[in-house]
2 protein chains.
Amino acid sequence: MFESAEIGHAIDKATFDAVVPELREALLQAQYELKDQGRFPVIILLCGIEGAGKGETVKLLNEWMDPRLIQVNTFDQQTDEELARPPAWRYWRQLPPKGHMGVFFGNWYSQMLQGRVQGHFKNAVLDQAIDAASALERMLCDEGALIFKFWFHLSKKQMRVRLKSLQDDPLHSWRISPLDWQQSKTYDKYVRVGERVLRRTSREFAPWYVVEGVDEYYRSLTVGQTLLDGLQAALKASGQSQAQPHAPPPTPSLDHLSLLDSLDLSQALDKDDYNEQLVTEQARLSGLLRDKRMRKHALVAAFEGNDAAGKGGAIRRVTAALDPRLYRIVQVAAPTDEESAQPYLWRFWRHIPARGKFTMFDRSWYGRVLVERVEGFCSPADWLRAYGEINDFEEQLADAGVVLVKFWLAIDQDTQLQRFQEREQTPFKRFKITADDWRNREKWPLYRDAVGDMVDRTSTEIAPWTLVEANDKRFARVKVLRTINEALEAAFAKD
Amino acid sequence: MFESAEIGHAIDKATFDAVVPELREALLQAQYELKDQGRFPVIILLCGIEGAGKGETVKLLNEWMDPRLIQVNTFDQQTDEELARPPAWRYWRQLPPKGHMGVFFGNWYSQMLQGRVQGHFKNAVLDQAIDAASALERMLCDEGALIFKFWFHLSKKQMRVRLKSLQDDPLHSWRISPLDWQQSKTYDKYVRVGERVLRRTSREFAPWYVVEGVDEYYRSLTVGQTLLDGLQAALKASGQSQAQPHAPPPTPSLDHLSLLDSLDLSQALDKDDYNEQLVTEQARLSGLLRDKRMRKHALVAAFEGNDAAGKGGAIRRVTAALDPRLYRIVQVAAPTDEESAQPYLWRFWRHIPARGKFTMFDRSWYGRVLVERVEGFCSPADWLRAYGEINDFEEQLADAGVVLVKFWLAIDQDTQLQRFQEREQTPFKRFKITADDWRNREKWPLYRDAVGDMVDRTSTEIAPWTLVEANDKRFARVKVLRTINEALEAAFAKD
């Protein structure tokens, strides 16, 4: 969930200065139209790592927007009046009216995060708070509110660097609160709890936007642009249209840097290393699947990737040394009649392996947010709610002991072209290339955005995505096998 | 939640025999249209008290419907195959395809109910199961499924009578399972847990229908008619319409017996008794509000009722002996501009009292499902989701120690007419009667249905409705005061 916010997003000052005037003008315009329409309020929640820019963002919004139409609410210690009433009362009293914007700096998430990190309660109670928050947001959204939820993120390393630099600067050391230091110690726990909270509350009607907080220009522009896109979409939507949830669709990152771009596709293995490592990993997998600790687990591997990225070949290498009674490969193509008559997850549920078994999905339930999104086979409302539904689905698998590994095999456009041409020229490979493949290739940017959103919204602690650098097939195959083995070993170690 | 299912609903055999042929014909017709349209599946969940007719209903559905288009799934002990997979797998594999109906006899609710009743886990874990069930149902509904959830109910007394009669009958004693006897012992707990489950999972997209199970004819007709109404509404709805959730609206009970009708409106108090009891209860309330245990609680009383039922007079009697610093009366009329710019619950949240204080709402948040429903001030989707939102709201109050009492002051039409005429003829009362009152009077049946649904869906263990027989004002006033006092004492006793 946070991977895309640890890759060093940045925007240079010149670009920032050039873009900001127009953005501010457009935001103000949107604000006035919001006021004139008077149809709905806007609620902005700011959460995340201390030092990642929440405070600065509040200042920024105050500076960029018309302050008469935006109100910043901070929620620190409860007042006497608040303590004497149900906990939600303090938020209700500060809700912005229709036509206005309200920033909730500190909000219903702050308390549940702190409480869980400090061990005041366990996950079951955290989940009660999460569900109360979800119910509140759903109701606000049903009542017309447009909700933005920003999580400002820093990697552990970035956080330490930031604290250190503030501390060493006599002009700024006062800005470091005891809370900052405390969070530096509880970073891992805070991020783990945050991940659970985000996973369960990122819903189509109020998705989370995770913003990397290191670079001030990137952070500010991202928040501004997300607000603007969301506002404009909602202002344009006719009052009753339900075709799309009352929330902005995900937007590609402003510096055009995505997780996919951060991959080093030049990684390769020479033949000798490959042969040696492949056999080693294959033997390791074979052993792990026969391990008696496997009786408590099942293994599911989902393979997605660019066309011609080598999914089939990778899968064959995985199964090469395995007892065929232990595994099964499910090829996912267009749904059968029987499958079309069911909810889209049905055709995957039916192939979930029993404990002790291993199922590989050659393409998977992620088709909903990839091909179905890009090709318009389902409505935006459908694929937007799918992220949450998929996270729920995978959580059910994880809770039942299923070890879930998800691969995106990434190649660059040149490599794909080369492989397409090779397929066309090789008689026994010709069946592997169709007009569809060429058509998909033209939609490369659309797929890239869809993959980015998919990873951002569904790479979770319980089921992380593994991006596989697949320009070199040998490197990719070994990485796939090794990742599966490591996931199994990690699961066994936790038993 | 179960009150309406303990009032002895019954339909005589002659009526049953006369109605059934047409109902069956219409159900079959609907089934064939469901098949022809092939647009959505129908999922029927059967839950409730043992012996209240679940099994008989399954037989009935099999008999009445075309068995090729309906499949009954029972879920008892998990099979080996099921035990080896995530718990939800057994339900997914039995989902009916589009155009078909699936009956789930035993379902995702059975296990959570048993588990909680037997003390295998506490409410926090129950709530996790509840939320997983809600998420599943919401997803199924978003994917097009039409879901019916029936809870078959028996009062404790009725249950014992039924068990006894089966036991004494040598032909039928085999039908009593150990589970039945066990449930007879755990009846109170089962109903309490069931109430929590129903309260939290009765949502607009998949509401619960609570059916009194004593009378076979009533039970069968109710299930059949509810299915028919729901099917026909969904078949008629164009695919994309979101104006109304994909679920049937509540239907008035078939025997035209409602909780309101079961009231004995002739109850009265003579003047001496009234004066004595009124003073006693007023003094008791005054004492309770000054009790130091009140520091942990707040008191909220909501007054609803027929026009001219005496809400104002009752409220004045409640406050007569109270320190004015302790209480506040909120008159609820049409929302102000400021209130219209907020979610509808906002104008009630703002008046929630601090601990130690008492607020009376003269009309309340129930306006959403009464006047706004009847007058069409909001859409069916809005008022249908309001039941769940209101239950959530009241749960938040209860969790924070707020003691909540809700009154429906009921009079009959003759009494209302008499009071209207009296108001018109009494100069100082003339302001109390307007053209609106006469118009509302014409909508008596619509209001009666709305009140019935309101009580069925929002009378909960944490915030039960009190129906007040108000033809006699003295009787009503004393009952209101006594109910408040008893609620406070019960809350104090639990501290």
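Residue positions are given per chain, counted from 1 along the sequence in the order it is written. By the order in which they are written, chains take letters starting at A while ligands take numbers starting at 1. Totals for whole chains, interfaces and linings use every residue, but because this is a predicted model, local features are given only for residues with pLDDT of at least 70 and side-chain atom pairs only at 80 or more, for both listing and counting. Note: side-chain values were computed over all heavy atoms of the structure, leaving out hydrogens and water.

1. A few points about the interface of chain B and chain A
Consideration 1: The criterion used for residue contact is that any of the two residues' heavy atoms lie within 4.5 Å. Contacts between the two partners involve 48 residues from chain B and, on the opposite side, 48 residues from chain A.
Consideration 2: A per-residue breakdown of the area chain B buries against chain A is headed by B:W92, B:E143 and B:W349, which together make up 17% of the total.
Consideration 3: The partner of B:R368 in a salt bridge is A:E143, and the shortest N-O contact between them spans 2.8 Å.
Consideration 4: What qualifies as a polar contact is a pair of N or O atoms within 3.5 Å, subject to a donor-acceptor requirement within protein and to the restriction that residues adjacent in sequence count only when both atoms come from side chains. At the junction of chain B and chain A, the tally comes to 26 residue pairs in polar contact (both at pLDDT 80 or more). Two parts placed together each lose some accessible area; with a 1.4 Å probe, that loss summed over both constitutes the buried area. Salt bridges are defined as contacts in which a side-chain nitrogen from Lys or Arg sits within 4 Å of a carboxyl oxygen from Asp or Glu.

2. Some words on the relation of the copies chain B and chain A
Consideration 1: Copy-to-copy superposition: least squares on the C-alpha atoms, limited to residues that have pLDDT of at least 70 in both copies. The two copies are related by a screw motion: chain B maps onto chain A through a turn of 180° and a shift of 0.0 Å along the axis, at an RMSD of 0.0 Å. This pairing of chains is accounted for by a two-fold axis. Across chain B, the rotation axis passes nearest the C-alpha of B:A124, at a separation of 2.7 Å.

3. A look at the domain arrangement of chain A
The accessible area lost on association of the parts is a frequent measure of interface size.
Residues and elements named next belong to chain A.
Consideration 1: Marked domain ranges trace back to an automatic or database domain assignment. Segmentation of chain A into domains returns domain 1 (3-236) and domain 2 (271-494).
Consideration 2: Just the C-alpha atoms count here: the centres of domain 1 and domain 2 sit 34 Å apart.
Consideration 3: On the side of domain 2, 13 residues touch domain 1, which itself brings 12 residues to the contact.
Consideration 4: Taken over both partners, the interface formed by domain 1 and domain 2 buries close to 1100 Å², and the fraction arising from carbon and sulfur atoms is 39%.

4. Describing the side chain of B:T222
Residue and element names in this part refer to chain B.
Consideration 1: Structurally, T222 is set in helix α10 (residues 216-236).
Consideration 2: Only protein chains enter the area calculation, which uses a 1.4 Å probe; residues under 20% of their type maximum are buried, those over 50% are exposed, and those in between are partly exposed. Look at T222 and you get buried, because its relative accessible area is 12%.
Consideration 3: Within the structure, T222 has its side chain in polar contact with the backbone oxygen of Y218 (distance 2.7 Å).
Consideration 4: Other than its neighbours up to four places away in sequence, T222 contacts V211 and L254. Numbering goes from the N terminus for both helices and strands, where a helix is a DSSP run of H or I of at least four residues and a strand is a run of E of at least two.

5. Let's talk about the UniProt feature "domain: Polyphosphate kinase-2-related" (unreviewed entry) in chain A
Consideration 1: Under the UniProt annotation, the feature "domain: Polyphosphate kinase-2-related" (unreviewed entry) is placed at residues 15-236 and 269-491 of chain A.
Consideration 2: For residues 269-491 of chain A, the helix share is 52%, the strand share is 14%, and the end-to-end C-alpha distance is 28 Å. UniProt positions are given in the numbering used here, feature names are shortened, and annotations may be inferred rather than shown by experiment.

6. Details of the packing of aromatic side chains
Two numbers describe a pair of aromatic rings. These are the distance of the centres and the angle of the planes.
Consideration 1: Two rings belonging to Phe, Tyr or Trp (six-membered ring only in the last case) form a pair when the distance between their centres is within 6.5 Å. Interplanar angles under 30 degrees mark stacking, angles over 60 mark edge-to-face geometry, and anything in between is tilted. Scanning the entire structure with this criterion turns up 46 aromatic pairs over all chains.
Consideration 2: For the pair B:F348 and B:F361, a centre-to-centre distance of 6.1 Å together with 65° between the ring planes defines the contact as edge-to-face. Pair noted here: B:F348 is in helix α14 (residues 346-349) and B:F361 is in strand β8 (residues 358-362), with a separation of 13 residues, a long-range link. There is no split in this pair, since B:F348 and B:F361 are both buried.
Consideration 3: Taken together, the ring pairs connect A:W92, B:F348, B:W349, B:F361, B:W365, B:Y366, B:F393 and B:W465 into an aromatic cluster.
Consideration 4: Charges are assigned to positions over rings by a cutoff of 6 Å between ring centre and Lys NZ or Arg CZ, combined with an angular limit of 35 degrees from the ring normal. Sitting above the plane of the A:W89 ring, A:R85 keeps its charged end 4.2 Å from the centroid.
Consideration 5: B:R368 extends its terminal NZ or CZ atom over the ring of B:Y344, reaching a point 4.0 Å from the ring centre.

7. Some words on the pattern of salt bridges
Consideration 1: Under the definition given, this model contains 68 salt bridges over all chains.
Consideration 2: The partner of B:E339 in a salt bridge is B:R350, and the shortest N-O contact between them spans 3.2 Å. Pair noted here: B:E339 is in helix α13 (residues 337-340) and B:R350 is in the loop between α14 and β8, with a separation of 11 residues, a long-range link.
Consideration 3: Among the residues examined, B:E339 registers a relative accessible area of 12% and is labelled buried.
Consideration 4: Residue classification places B:R350 among the partly exposed positions, given a relative accessible area of 35%.
Consideration 5: Beyond isolated ion pairs, a larger network of salt bridges with shared partners links A:D142, A:E143, B:R368, B:E372, B:D382, B:R385 and B:E389.

8. Comments concerning the sheet that holds strand β5 (residues 208-212) of chain B
Residues and elements named next belong to chain B.
Consideration 1: In short, DSSP must find at least two bridges between two strands for them to pair. Read from one edge of the open sheet, 5 strands run β2-β3-β1-β4-β5, paired in parallel fashion. Edge positions in the sheet fall to β2 (70-74) and β5, since each of these pairs with one other strand and no more. On average, each strand axis in the sheet is tilted by 20° relative to the strand beside it, whichever way the strands run.
Consideration 2: Two strands pair when backbone bridges link them, and strand β1 (residues 42-48) and strand β3 (residues 101-105) are joined in this way by 5 bridges, in the parallel orientation. Bridge assignment links I43 to a residue of β3, and that residue is G102. A fitted line through C-alpha atoms serves as each axis, taken over the contacting stretch for helices, and the angle formed by two N-to-C directions is quoted from 0 to 180°.

9. Here's the deal with helix α11 (residues 271-290) of chain A
All names here are of chain A.
Consideration 1: Between the first and last C-alpha of α11 there are 29 Å, a value that for 20 residues agrees with the 28 Å anticipated at 1.5 Å per step.
Consideration 2: All of the buried residues in α11 are Y274, L278, E281, Q282, L285, S286, L288 and L289. Down the axis of α11, the buried set is contained in an arc of 160°. They therefore lie on one face. Those residues of α11 that are exposed and angled more than 90 degrees off the buried face are D272, E276, V279 and R290.
Consideration 3: Here the buried face of α11 lies against β6 (298-305), α12 (311-319), β8 (358-362) and α20 (473-494).
Consideration 4: If you check the start of α11, you find a side-chain oxygen 3.1 Å away from the backbone N of D272, and it comes from D270. In a helix, the anticipated span is given by 1.5 Å times the number of residues less one. Think of the arc as the fan of directions from the helix axis to the C-beta atoms.

10. Focus on the environment of B:L404
Residues and elements named next belong to chain B.
Consideration 1: As for its position among the elements, L404 is in strand β9 (residues 402-410).
Consideration 2: The spacing of L404 and M112 is 292 residues in sequence and 28 Å in space, taken between C-alpha atoms.
Consideration 3: Not counting residues within four places of it along the chain, the set of residues in contact with L404 comprises V300, W365, E394, L397 and A463.

11. What to know about the sheet that holds β8(B)
Residues and elements named next belong to chain B.
Consideration 1: Strand order in the open sheet formed by 5 strands is β7-β8-β6-β9-β10, and the pairing between neighbours is parallel. Both outer strands of the open sheet, β7 (327-331) and β10 (465-469), are each paired with one neighbouring strand and no more. Between one strand axis and the next, the sheet turns by 20° as a mean value, whatever way the strands run.
Consideration 2: Pairing geometry for strand β6 (residues 298-305) and β8, over 5 bridges, is parallel. Bridge assignment links F303 to a residue of β8, and that residue is D362.

12. Structural notes on the confidence of the model for chain A
Consideration 1: By definition, pLDDT measures how confident the predictor is in each residue, and it falls between 0 and 100. The pLDDT averaged across chain A works out to 89; a share of 94% of its residues lies at or above 70.
Consideration 2: Low confidence marks residues 240-244 of chain A, where pLDDT is under 50. Its contacts with residues over four positions away, or in another chain, come to 8 contacts.

13. A closer look at the side chain of B:E143
Consideration 1: Along the chain, the position of B:E143 falls in the loop between α6 (123-142) and β4 (146-153).
Consideration 2: Of the residues examined, B:E143 reaches a relative accessible area of 16% and is grouped as buried.
Consideration 3: Of the polar contacts made by the side chain of B:E143, one reaches the backbone nitrogen of A:Y344; its length is 3.2 Å.
Consideration 4: Not counting the four nearest positions on each side in its chain, B:E143 is found in contact with A:P343, A:Y344, A:R368 and A:R385.

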